[in-house]
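# Report on the structure
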Amino acid sequence: MPITTPLTELLGIKHPILSAPMDTIAGSRLTRAVSGAGGFGILGGGYGDRARLEAETRELKGFAPFGIGFITWSLAKQPELLDIALDAEPQAVMLSFGDPAPFAPRITTRGARLICQVQSEDMAKQALDAGAEILIAQGTEAGGHGASRTTVDIVPAIVDLAAGRVPVVAAGGIADGRGLAAMMMLGASGVLIGTRFYASVEANGADEAKQRIRDADSNDTVRGVIVDWSRSLFWPAPFTARTLVNDHIKSWTGREVELMQRAGEVAAAYAAARAACNFEVAAVFAGEAVGLIHDIPPAAEIVERIAIEAEQLLAGRRNSVTAAQSSSPSPGGGGSLRM
């Protein structure tokens with residue numbers, strides 16, 4: 001039986017599984033595949049490539065359900081991107097990093113749900129004050145940009161803060177049904193998954209990047225500033241980026257001050273490597289869940305696997321609790337296990 005939560009009811013989806021808006025990796029093809037399988041696909045708005053956004057949203061116009069995600073700071077520089085997104089009639093817009101308040105009214109008045117990704121209680125309060133209807137509690141295990149608190153810490157903290165007002169979705173280090181089931185035990189209404197969907201047929205990433213994710217283990221990722229500084233991007237604290245370790249990161253680790261001093265030179269070399277798909281220099285953004293990923297299947301298969309595994313685990317837990325309650329001694333002989 002499908003898992004029903006406040007998240008599935010709010011978005012009208014079958015499974016409480018969202019795909020992360022991974023910059024250019026999460027294109028319309030992946031978005032449609034995840035939603036078509038009963039999850040909720042979110043198109044990546046990334047750093048704000050207008051031509052790409054227009055092309056991708058044309059492929060989603062009239063399709064439902066789906067969302068579009070942005071780095072909030074990019075919208076501050078190019079506010080017209082939000083109008084392009086809203087013209088595609090998404091069911092939700094996801095904002096990550098930065099204050100969502102300046103954009104919330106435009107999103108909600110156009111009938112879209114506001115989803116906000118947060119990494120602390122203060123960020124969650126800011127998002128709720130702005131009118132967020134869904135909170136994504138992101139742990140440090142996530143690929144791409146994030147902060148330092150673990151998923152198992154940040155999720156229940158945000159669940160407690162939300163106090164049932166809005167669904168809370170867990171993100172960071174989740175790649176299978178065990179992760180979904182575990183996050184639901186922490187109070188989450190669903191999960192947002194990036195790296196597992198990066199290693200899928202429909203993701204826009206290069207084949208070699210997907211293969212590197214498939215072949216890596218959890219010790220092969222690192223969170224830091226080297227990749228951003230190599231692109232002349234300087235994110236504010238506490239945000240850093242988690243990627244697979246490669247030769248470029250190894251060579252600059254411990255030399256970050258020199259990297260900043262040579263930022264222009266390094267950025268040119270990095271851009272050339274990225275264009276050539278040289279992933280010993282260019283980064284593959286991936287989270288610690290790489291150790292759980294061993295294939296590159298269609299996205300629909302990923303959704304189905306995660307959903308079925310979680311359903312079985314949660315059903316098994318319910319059955320074990322029922323059995324324990326049935327076999328518990330009488331009230332005078334001790335307590336019983338309760339959910």
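All of the points below concern the structure found in this document.

Criteria and thresholds
Residues numbered from 1 in each chain as written. Predicted model: local features only at pLDDT ≥ 70, side-chain atom pairs only at ≥ 80, totals over all residues. Heavy atoms only, no water. Helix = DSSP H or I, 4+ residues; strand = E, 2+ residues; numbered from the N terminus. Buried < 20%, exposed > 50% of the residue type's maximum accessible area, 1.4 Å probe, protein only. Lys, Arg positive; Asp, Glu negative; His and termini not counted. Salt bridge = Lys/Arg side-chain N within 4 Å of Asp/Glu carboxyl O. Contact = heavy atoms within 4.5 Å. Pairing = 2+ DSSP bridges. Axes fitted to C-alpha atoms, helices over the stretch in contact; angles between N-to-C directions. Right-handed = clockwise from strand over helix to strand, strands pointing away. Parallel < 35°, antiparallel > 145°, perpendicular 65-115°, else oblique. Left-handed = near helix turned anticlockwise from the far one by under 90°. Phe/Tyr/Trp six-rings, centres within 6.5 Å; stacked < 30°, edge-to-face > 60°.

## A few points about the side chain of R52
When you line up the elements, R52 lands in helix 3 (residues 50-60). Although R52 is buried, it forms no salt bridge, and the closest oppositely charged side chain is E56 at an N-O distance of 4.1 Å. With residues near it in sequence (within four places) discarded, R52 still touches D23, T24, A26, G27, L43, G44 and G45.

## A look at the sheet that holds strand 10 (residues 221-224)
As summarised here, the arrangement of the three strands in space is 7-11-10, forming an open sheet in which the pairing is antiparallel. Among the strands making up the open sheet, the edge pair consists of strand 7 (144-146) and strand 10. The mean angle between the axes of side-by-side strands here comes to 30 degrees, regardless of whether they run parallel or antiparallel. Alignment of strand 10 against strand 11 (residues 240-244), held across four bridges, turns out to be antiparallel. What sits directly across from R223, in strand 11, is R242.

## Observations concerning the pairing of strand 6 (residues 134-138)
For strand 6, the buried fraction is high: five of the five residues fall into the buried class. Pairing of strand 5 (residues 113-118) with strand 6, which is carried by four bridges, proceeds in the parallel orientation. Its bridge partner lying in strand 6, I115 is registered against I134. Since strand 5 and strand 6 lie parallel, the crossover through helix 7 (residues 121-130) that links them has a hand, and here it is right-handed. With four bridges connecting them, strand 6 and strand 8 (residues 168-171) associate as parallel partners. Paired with Q138 across the strands is A171, a residue of strand 8.

## Thoughts on the packing of helix 2 (residues 28-36) against helix 3
Contact geometry of helix 2 with helix 3 gives a least axis separation of 9 Å together with a crossing angle of 30 degrees. The pairing of helix 2 with helix 3 is recorded here as roughly parallel in orientation. Two packed elements cross with a definite hand, and for helix 2 against helix 3 that hand is right-handed. From helix 2, S28, T31 and R32 reach across to helix 3, where they touch E56, E59 and L60.

## With respect to the packing of aromatic side chains
For the structure on display, the rule yields seven aromatic pairs. Plain terms: the ring middles of W73 and F97 are 6.1 Å apart, the flat faces sit at 25 degrees to each other, and that makes the pair stacked. Of the two residues, W73 is situated in helix 4 (residues 72-77) and F97 in the loop between strand 4 (92-96) and helix 6 (104-109); the sequence distance between them amounts to 24 residues. What makes F97 buried here is its relative accessible area of 7%. Note on W73 and W235: the rings are 5.1 Å apart at their centroids and 75 degrees apart in plane angle, and the pair reads as edge-to-face. Of this pair, W73 sits in helix 4 while W235 is found in the loop between helix 12 (226-230) and strand 11, placing the two residues 162 residues apart along the sequence. A residue is classified by how much of its surface remains accessible, and W73, at 29% relative accessible area, is partly exposed.

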